[in-house]
Amino acid sequence: MEYLGQLILIAIGAAVINNFVLHYFVGICPYIGVSRRVDTAFGMGCAVTFVISIAASLSWTVTYFVLQKGAPLTRMVAGLFVSPTRAAAVDLSILSYIVYIFVIASSVQFVEMYVRRFFPHLYKSFGIYLPLITTNCAILFACLEIMKHVVGRPAGEAWGLGEALTLAFFGGVGFTMAIVIMAGIRQELDHCDVPGPLRGAGITLIVAGLLSLAFMGFTGVQGGIEKRFFTKTQTPKVEKQTNSPAIQTPGVGEPARANMQPGPGIQVPGGQGRASAGARRRLGTPMPVSGAGRSPTAEGSELL
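Cut-offs used in this document
- Residues numbered from 1 in each chain as written.
- Predicted model: local features only at pLDDT ≥ 70, side-chain atom pairs only at ≥ 80, totals over all residues.
- Heavy atoms only, no water.
- Helix = DSSP H or I, 4+ residues; strand = E, 2+ residues; numbered from the N terminus.
- Buried < 20%, exposed > 50% of the residue type's maximum accessible area, 1.4 Å probe, protein only.
- Contact = heavy atoms within 4.5 Å.
- pLDDT = per-residue confidence, 0-100.
- Phe/Tyr/Trp six-rings, centres within 6.5 Å; stacked < 30°, edge-to-face > 60°.
- Lys NZ or Arg CZ within 6 Å of the ring centre and 35° of its normal.
- Salt bridge = Lys/Arg side-chain N within 4 Å of Asp/Glu carboxyl O.
- Axes fitted to C-alpha atoms, helices over the stretch in contact; angles between N-to-C directions.
- Parallel < 35°, antiparallel > 145°, perpendicular 65-115°, else oblique.
- Left-handed = near helix turned anticlockwise from the far one by under 90°.
- Nonpolar A, V, L, I, M, F, W, Y, C, P; charged D, E, K, R; others polar.
- 1 Å grid on protein atoms, 1.4 Å probe; cavity = no way out; pocket = protein on both sides within 12 Å on 5 of 7 lines; lining within 4 Å.
- Points joined across faces, edges and corners; volume = space filled by probe spheres on them.
- Core = buried A, V, L, I, M, F, W, Y, C linked by side-chain atoms within 4.5 Å.

## Quick notes on the overall build of the protein
- Looking only at helices and strands, one finds 13 helices and 0 strands in the protein.
- Listing each helix as α and each strand as β along the protein from the N terminus yields α-α-α-α-α-α-α-α-α-α-α-α-α.
- Relative to its full complement of 304 residues, the protein shows a buried share of 32%.
- Taking all contacts inside the protein whose residues are at least 6 apart in sequence as the whole, residues at least 24 apart take part in 70%.

Given below as structure tokens:
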């Protein structure tokens, strides 16, 4: 359940909250150039999603097995020439940019051959922008984000292939959503009276800025979802007081200390003194009266 929750958070963050185009401002070239019609924009978004998924899976494989410090294949090959200790210290992550560009270019060529063979109309509508996917910084940005969560991370915190594919695929979905929204707005702008100096790229960049401000409203949603659904709530522990004084009741064990101390004026066996009027009422002792009504005990005590 924890792994599934992590994938859901990565997907929501890549598609909506941290949108590649509207949050990080990467992939602007195809976003502006191929957003004149909705169908063309949707085709470009699907092509980018396909390419970014392939490039992310290949880049994670290369990073995990070759580029990072102590990678299995690098250690095995380097162990043929140097000692195992030095082989484990080999770090090829400095070559990440070159390797990722090569991986992205290979993926784009594969997609171009596939689209030309099975979708010639879509290939013609793409024009020069399909080869430009090779230099689309959104794809390179996804590869670098994957590398950031793999290289230098502990074994339990490093991303696996599932997290990498989730980020890449839903990053492409977010790119498709952004470019389709832009295409729909630009089609409506063709019927509006836009001032001359703002026509073309000017009004497009203004609309892109407004969309970016709108998507900023999702900031903090990821943390709220994580706190609400995927964070375990810990109930505070109540410590028992072991040093509290025990309460003793009269008649059980040692009698209460309060009952051992007579109040002022209360006569106890073997003691001296007279009970006050209020104490006599509480104890039910008859009150002494003057004259004939006085008890013999009271008279004898007075005489003594």
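## A word on the confidence of the model for the protein
- Overall, the prediction assigns the protein a mean pLDDT of 78, with 74% of residues at 70 or greater.
- Across the protein, the secondary-structure element scoring lowest on mean pLDDT is helix H13 (residues 296-303), at 46, and the one scoring highest is helix H9 (residues 161-189), at 93.
- Segment residues 252-256: pLDDT under 50, and 6 contacts once partners within four positions in sequence are set aside and those in other chains are kept.
- Note that residues 295-304 has pLDDT below 50 and, in this model, 4 contacts with residues that lie over four places away or in other chains.

## Some words on the packing of aromatic side chains
- In total, this model carries 10 aromatic pairs according to the counting rule given.
- Considering the side-chain rings of Trp 60 and Phe 65, the 6.3 Å spacing of their centres and the 90 degrees angle between planes classify their relative orientation as edge-to-face.
- You can call Trp 60 buried: its relative accessible area is 10%.
- For Phe 65, a relative accessible area of 31% gives the class partly exposed.
- Summarising the aromatic geometry, the rings of Phe 169 and Phe 170 are spaced 5.3 Å apart at their centres and angled 90 degrees between planes, so their arrangement reads as edge-to-face.
- For Phe 169, a relative accessible area of 41% corresponds to the partly exposed category.
- Among the aromatic residues, those joined into a cluster by ring pairs are Phe 20, Tyr 24 and Phe 141.
- Seen from the ring of Phe 118, Arg 117 lies directly overhead, with NZ or CZ sitting 5.3 Å from the centre.

## Regarding the pattern of salt bridges
- By the definition in use, this model includes 3 salt bridges.
- The shortest N-O distance in the salt bridge between Arg 37 and Asp 39 comes to 3.0 Å.
- Lys 148 serves as the salt-bridge partner of Glu 145, at 3.2 Å between the closest nitrogen and oxygen. Note that Glu 145 and Lys 148 are positioned in helix H8 (residues 137-148) at a spacing of 3 residues, about one turn of the helix.
- In this structure Glu 145 comes out as buried when scored by relative accessible area, which is 16%.

## Looking at unusual backbone geometry
- We note that Phe 25 has phi near 60 degrees; this positive angle belongs to a residue other than glycine.
- Along the chain, Phe 25 falls in the loop between helix H1 (2-17) and helix H2 (28-33).

## Some details on the packing of helix H6 (residues 96-118) against H8
- Their axes nearest at 10 Å, the elements H6 and H8 cross at an angle of 130 degrees. If you check the angle between H6 and H8, you find them oblique. For the crossing formed where H6 meets H8, the hand is right-handed. For the pair H6 and H8, the contacting residues are Ser 96, Tyr 97, Tyr 100 and Ile 104 in the first and Ile 139, Leu 140, Cys 143, Leu 144 and Met 147 in the second.
- Residue classes in the contact of H6 with H8 are distributed as 8 nonpolar, 1 polar and no charged.

## Some details on empty space enclosed by the protein
- Inspection of the entire model under this criterion finds 1 cavity of 30 Å³ or more.
- Taken as a whole, the largest cavity holds about 30 Å³ of empty space.
- Taken together, Val 16, Ile 17, Leu 22, His 23, Ser 212, Phe 215 and Met 216 make up the full set of residues lining the largest cavity.
- Counting residues per element, the ones that place at least two in the lining of the largest cavity are H1 and helix H10 (201-215).
- When its residues are assigned to classes, the lining of the largest cavity shows 5 nonpolar, 2 polar and no charged.

## So, the nonpolar core
- Of all hydrophobic cores here, the largest spans 52 residues; its most connected members are Phe 20, Tyr 31, Met 44 and Ile 133.
- When contributions to this core are tallied by element, the ones reaching two or more residues are H1, H2, helix H3 (38-67), H6, H8, H9 and H10.
- Considering each element in turn, this core owes the most residues, 10 residues, to H3.

## Observations concerning the packing of H3 against H8
- In the contact formed by H3 and H8, the axes pass within 9 Å of each other and the chain directions differ by 35 degrees. Regarding H3 and H8, the two cross each other, and that crossing is right-handed. Judged by residue contacts, Val 51, Ile 52, Ala 55, Ala 56, Ser 59, Trp 60 and Thr 63 of H3 engage Ala 138, Ile 139, Ala 142, Cys 143, Ile 146 and Met 147 from H8.

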